[in-house]
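Fold and geometry: a report
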Amino acid sequence: MVALIRRMGVNVALATLVFLVSLSLRSSSAMTMTEANQAFNEGNALYQQQNYAEAYHVYSGIVDERIRSADLYYNLANACARLGKTGEAVLYYERARSLTPRDNDIKFNLQKTQPAINQHKPFVLSVPFIWLKNIFSLREWMGAFLAMFLLWGVTHASALLISNRFTAKTMKAVAVIVGVAALVVGAFTATRYYDHYYVQHSVVMEPNTSVFSGPGEKFTPLSTLPEGAKIRRLNFNDSTWAHVTLPDGRRGFIQATKLQSI
Amino acid sequence: MIMLRHYRLFSRANRSIWPQCVVAMLMLMTSSVVAQVKVTARAEPSNATIGETIVYSVDVETEGQQQVPQPQLPAFDSSWGFTPPNFGGSSTEFSFRQTNAGMSQQYVIHYHYNFMVTKAGTFTIPETTVRVAGATYKSNPVKINVTKTHATAAQLPAELQGSVAPPQVPNQPQLQNALNGAVFVLPIVETKQPYAGQQVLLGYHLCVDKDALARAGLVLETMHADRVDIPEFQQFIKDEVYPPPKQLQFREREFGGKRYYVAPLYQVAVTPTKTGKLSVQPFRLSMWFVSKNKKGRSSDPFFGDDIFPDDAIFGAMNPFMSANRVQVIASSLPVDFNIRQLPTEDKPANFSGAVGEFKISAQVDRREAKADEDVVKLTVKVEGKGDASALPLPTMSTMKGLQLLEDPKTSTNRRVENDQLVYSKTYDYILRPTEPGALSIPPLSMNVFNPKTEQYGVLETDPIGLDVSPGANKQVALVAPAPPGQSNAQANPTQEGEVTNATPETPNAPQDLRYIHVGTLNAVTPGVLSGQGPLLYVLLATPPLLVLAGTIINRRRSSQDARRGYLREAAAGVVARRHLKSVARLMNSGKPDKFFEELARATRGFFGDKLHLEPTGLTIEQIEEEYRRREASPDDIARVRTLLEQCDSARYSPIKPDQAVMEEAYRSAAEILSKLEKV
């Protein structure tokens, strides 16, 4: 009887795990990957024929199906740049960069396309931290952190269970090293996670967008932003006006319709 | 007997009476204290003028010394125009009072708060509450009458009447009246009706009528300013021109035919952020003068002895900070602005909001260059009065034969010139000539509104000529540049069957972009690696659970080992005796070597169980060491050695031991084991 109950408990646990895994892997898009690939190739062919407008429509169609891919975003950004849509180009280059931060093509083209106001130099002491944080994508940091964290758990548990003293001590030392590494990687992961989900970076989509001192055009204009300027959006309970921080640190208000979130 | 009974009752049985008595006594004491608390509130002065500081005092009177926390002031209605109250300190006084019950000690704690009034009217401050010993007490409400500035300060010239606030001299109303119009802070503003976005200079100056000051018994040269309260400038962007100086520099100046000594206190350039009526709160300056008339100490409730005692640092630094000093607080009136909207008439369609009196200029770093090789830096500077940081990029028309390599870098500077703020904004353009010949950089323009002329205008640079010679590194275009009116595809037609509907690139599209990525689309699905999904929580929970499971299992194992060791030790004697029984049977077997072998095994097995060690390989030295540590008798330890050595030698000796020896060894073993079983 006890054995039966134990077996049932194990089965329930396994079934729950399978359910959770399937939940996390479930795709939310109506377009299959085959269809997406076909459309992507079609878009590439149109681009090669210099039919940038059509290529833009095809790429946008795939993006609308919530397919996320660095190459897709990059190609779409290129098409936008060719069509003079600087705002959208910067937006999609930034989205591609968040997925593959070390891609030199994306970096190069973004540098060429974005306005000078985006090239803001951060505080000198924070440069190495920011560089290291941005050199890997959120997925890479998360993968590294989960792997290290699991490894730490396994080595630490082994150190407790192994009866051989020498092996147990070695495992403990490995667990400490891996634990410290997991902490450091975890810190970067947490920062990246926060940047990705909580810090709202947006791109200005229209040229000569005015920044006002308050949420309304009757307030004093503080500055004018070019299309493609990257700003940080602050929390503000108004769907019409966005409270933003400019690259030089000043704060102001922009019409929310002129922005799009990265 | 009766008395004795009562005594017994009181002292013995009802111990529960005592706590009740103590509580009752405490309550009685508290209630007697509670009945003796009185709270009064007052305001000085109760009839004030705009700009005057009111001292609101709350006096809490108690019988006996009590813990009295700070009173809870009532909320001031925001429409009254009172500045937020500042706590100015507290003081305590006590006295003895003769009552019918005898002498009692009376304590009065004074709490002082100060605030400024900025609007005329009659206001009633509601009751202030104080909690003492768990009970709440309320003061009386206080009425304050505020009138406009004394219109007729006899000393003030006509042009200043109504634009200055009288000074405050705490606790000296006569001196205060005497100084009315003799000491004041005068705000000087360029205009009180600026346009939205127009930068306005606002300066505060301390004005002193030296003669009137002397008549009042104060000496200007002994003045020591100790505190400045700069207003907040809410709803303005502020840029400081001069901060408050460390030392006041007085200059003579005339107002309405009257001579004053005037010292600048503070100058700021403010830009309003919205239209309509805006107000800047008063600027306050606290000063100390030596009085020729005054004797004794002044007890100022908020800036006085508590903060600047005679023996403090400030007293030591300033020889005039003696007991004859008098505090004078001078404030300006609030400065009211009426911000006007920019006129809509003649407003350019692309006006970006630049307001000021600016001029524009442009220059290049070289007049000669080589096509496709050299770069030319064009610097455009906009300078003048107004907030240049808000200026947009100048409009640049199409440049023939010149390529703009990147968006301009901008920098903003400001300087003070003749007490005026002059801003400049510089735009640096990097151009590359692409064609040889006599080229011209066309004018760059910017629409601004000049608040002085109240008109919109266009700032425009002069065209700049460039002499461009052909370069050595002529770049071969992969695609021939299209003539005007044609796209690249039309200018470079492809073979039949190929591109027929190529999209023309827009003129502003960046050149030389890297090519697209082709191949399989590597889509990213949201999941664990994106930081989403329930599996993430499972993975995060797994390592701590593994560690927890390991810890639990480890602990259980340790406790089991400990138990096992304990059981083994506890059963050592029983096992040994059982073993000895089988050894005894070998005594008569006629095999002494076998007997001594088993005896040694039984003995070593006993010690191994007792000491939690493996019997094989257990040495005599280990046994001795362990029993010495357990403080066993040295004789017993010696006997153990003797026994084990005897067993070892008997096993290997060619001479077989006889029965008596075996019996003796057996008896010795039994004795030793039974003795050491208890150790």
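Residues numbered from 1 in each chain as written. Chains lettered and ligands numbered in written order. Predicted model: local features only at pLDDT ≥ 70, side-chain atom pairs only at ≥ 80, totals over all residues. Heavy atoms only, no water.

1. Some words on the overall build of chain B
Of regular secondary structure, chain B possesses 11 helices and 29 strands. Counting contacts in chain B only where the partners sit at least 6 residues apart, residues at least 24 apart contribute 71% of the total. (Helix = DSSP H or I, 4+ residues; strand = E, 2+ residues; numbered from the N terminus. Contact = heavy atoms within 4.5 Å.)

2. Quick word on a nonpolar patch on the surface
All names here are of chain A. Taken together, Val176, Val180, Leu183 and Val184 make up a surface patch of nonpolar side chains, about 390 Å² in accessible area. Structurally, the position occupied by Val180 is in helix 9 (residues 165-197). Val180 gets classed as partly exposed once you look at its relative accessible area, which sits at 48%. (Patch = residues over 30% accessible without salt bridge, like charges linked within 9 Å, V, L, I, M, F, W, Y side chains within 5 Å. Areas by Shrake-Rupley, 256 points an atom, 1.4 Å probe, with all protein chains shown as cover. Salt bridge = Lys/Arg side-chain N within 4 Å of Asp/Glu carboxyl O. Buried < 20%, exposed > 50% of the residue type's maximum accessible area, 1.4 Å probe, protein only.)

3. Brief notes about the sheet that holds strand 17 (residues 284-290) of chain B
Paired through backbone hydrogen bonds, the strands of a sheet run either parallel or antiparallel to each other. All names here are of chain B. With respect to topology, 3 strands assemble into an open sheet ordered 12-17-18, the strand pairing being antiparallel. With partners counted over all chains shown, the strands left at the sheet margins are strand 12 (224-229) and strand 18 (325-331), one partner each. The mean inter-strand angle of the sheet, taken between neighbouring strand axes irrespective of direction, is 20°. Where strand 12 lies against strand 17, 5 bridges are found, and the strand directions are antiparallel. Its bridge partner being in strand 17, Val228 is matched across the sheet by Leu285. (Pairing = 2+ DSSP bridges. Axes fitted to C-alpha atoms, helices over the stretch in contact; angles between N-to-C directions.)

4. Considering the environment of B:Phe82
Residue and element names in this part refer to chain B. Along the polypeptide, Phe82 turns up in the loop between strand 3 (53-63) and strand 4 (86-99). Relative accessible area serves as the criterion here: at 12%, Phe82 is assigned to the buried category. Residues Phe82 and Phe115 lie 33 residues apart in sequence; the distance between their C-alpha atoms is 6.5 Å. Setting aside anything within four residues of it in sequence, one finds Phe82 in contact with Phe76, Phe115, Met116, Val117, Phe123 and Ile125.

5. Some words on helix 6 (residues 104-113) of chain A
Residues and elements named next belong to chain A. Ile106, Asn109, Leu110 and Thr113 are the residues of helix 6 that are buried. Buried residues of helix 6, viewed axially, fall in a sector of 105°; they line one side. On its buried face, helix 6 sits against helix 4 (70-82) and helix 5 (86-99). Backbone nitrogen of Asp105 and a side-chain oxygen of the N-cap are separated by 2.8 Å at the start of helix 6; the cap is Asp103. (Arc of directions from axis to C-beta. Polar contact = N/O pair within 3.5 Å; in protein donor to acceptor, adjacent residues only side chain to side chain.)

6. What about the confidence of the model for chain B?
Segments scoring low in pLDDT should not have their predicted coordinates read at a detailed level. Residue and element names in this part refer to chain B. Averaged over all residues, the pLDDT of chain B is 80; the fraction at 70 or higher stands at 83%. For chain B, the element scoring lowest by mean pLDDT is helix 5 (residues 313-317), at 37; strand 11 (residues 200-208) scores highest, at 93. With pLDDT under 50 throughout, residues 1-11 is counted as low confidence; its partners more than four residues away or in other chains account for 3 contacts. Low confidence marks residues 474-501, where pLDDT is under 50. Its contacts with residues over four positions away, or in another chain, come to 15 contacts. (pLDDT = per-residue confidence, 0-100.)

7. Looking at the sheet that holds strand 9 (residues 142-147) of chain B
All names here are of chain B. Spatially, 2-9-6 is the arrangement adopted by the 3 strands of the open sheet, whose pairing is mixed. Strand pairing shows two members of the sheet lacking a second neighbour, strand 2 (47-49) and strand 6 (121-125), which therefore form its edges. In this sheet, neighbouring strand axes are inclined to one another by 30° on average, regardless of whether the strands run parallel or antiparallel. In this sheet, strand 9 lies alongside strand 2 in parallel orientation, the contact comprising 3 bridges. Bridging across to strand 9, Thr49 finds its partner in Thr147.

8. Looking at the side chain of B:Lys425
All names here are of chain B. You can see Lys425 is positioned in strand 25 (residues 420-433). Side-chain polar atoms of Lys425 contact the backbone oxygen of Leu391, separated by 2.8 Å. Here Lys425 is in contact with Val380, Lys381, Val382, Ala388, Ser389, Leu391, Thr410, Ser411 and Thr412, once residues within four sequence places are set aside.

9. Concerning the interface of chain B and chain A
If you look at the interface, chain B gives 58 residues, while chain A gives 68 residues. In this assembly, chain B packs against chain A so that about 5,600 Å² is buried in total across both faces, 61% of it on carbon and sulfur atoms. Among the residues chain B hides against chain A, the three largest losses belong to B:Arg514, B:His517 and B:Leu521. Together they make up 15% of the total. On inspection of chain B and its partner chain A, the count reaches 1 salt bridge. Measuring nitrogen to oxygen at the nearest pair gives 3.0 Å for the salt bridge that ties B:Arg514 to A:Asp105. At the surface where chain B touches chain A, the tally comes to 17 residue pairs in polar contact (both at pLDDT 80 or more). (Buried area = accessible area lost by both parts, 1.4 Å probe.)

10. Here's the deal with helix 9 (residues 620-629) of chain B
All names here are of chain B. For helix 9, the complete set of buried residues consists of Ile620, Ile623, Glu624, Glu626 and Tyr627. The buried side chains of helix 9 occupy one side of the element, clustering within an arc of 165° when seen end-on. Here the buried face of helix 9 lies against helix 8 (592-611), helix 10 (634-652) and helix 11 (659-676). Note on helix 9: the residue one or two positions beyond its end, Glu631, has a positive phi of about 60°.

11. Regarding the packing of aromatic side chains
By the definition in use, this model includes 34 aromatic pairs over all chains. Their ring planes at 90° and their centres at 5.5 Å tell us that B:Phe76 and B:Phe82 sit as a pair that is edge-to-face. Every member of this aromatic cluster is reached through a ring pair, and the members are B:Phe76, B:Trp80, B:Phe82, B:Phe115 and B:Phe123. A cation sits over an aromatic face here: A:Lys85 above A:Tyr56, 4.1 Å from the ring centre. (Phe/Tyr/Trp six-rings, centres within 6.5 Å; stacked < 30°, edge-to-face > 60°. Lys NZ or Arg CZ within 6 Å of the ring centre and 35° of its normal.)

12. Looking at unusual backbone geometry
Residue and element names in this part refer to chain B. Non-glycine residue Ala133 carries a positive phi angle of around 50°. With relative accessibility at 44%, the residue Ala133 sits in the partly exposed group. Within the chain, Asp346 stands out as a residue other than glycine whose phi angle is a positive 65°. Turning to its location among the elements, Asp346 is positioned in the loop between strand 19 (335-339) and strand 20 (356-364). Looking at Asp346, the relative accessible area reads 66%, which means it is exposed.

13. Topic: the pattern of salt bridges
Side chains that differ in charge, positive against negative, can pair when their charged atoms come close. Residue and element names in this part refer to chain B. Across all of its chains, the model carries 36 salt bridges over all chains by this definition. Between Glu383 and Arg415 there is a salt bridge, with the nearest N and O atoms lying 2.8 Å from each other. Taken together, the residues Glu383 in strand 22 (residues 376-386) and Arg415 in strand 24 (residues 402-417) connect sequence positions 32 residues apart. One salt bridge in this structure joins Asp636 and Lys675, with 3.5 Å as the shortest N-O distance. In this pair, Asp636 is assigned in helix 10 and Lys675 in helix 11, connecting sequence segments 39 residues apart. Using a relative accessible area of 11% as the deciding quantity, one classes Asp636 as buried. Residue classification places Lys675 among the partly exposed residues on the basis of a relative accessible area of 44%.

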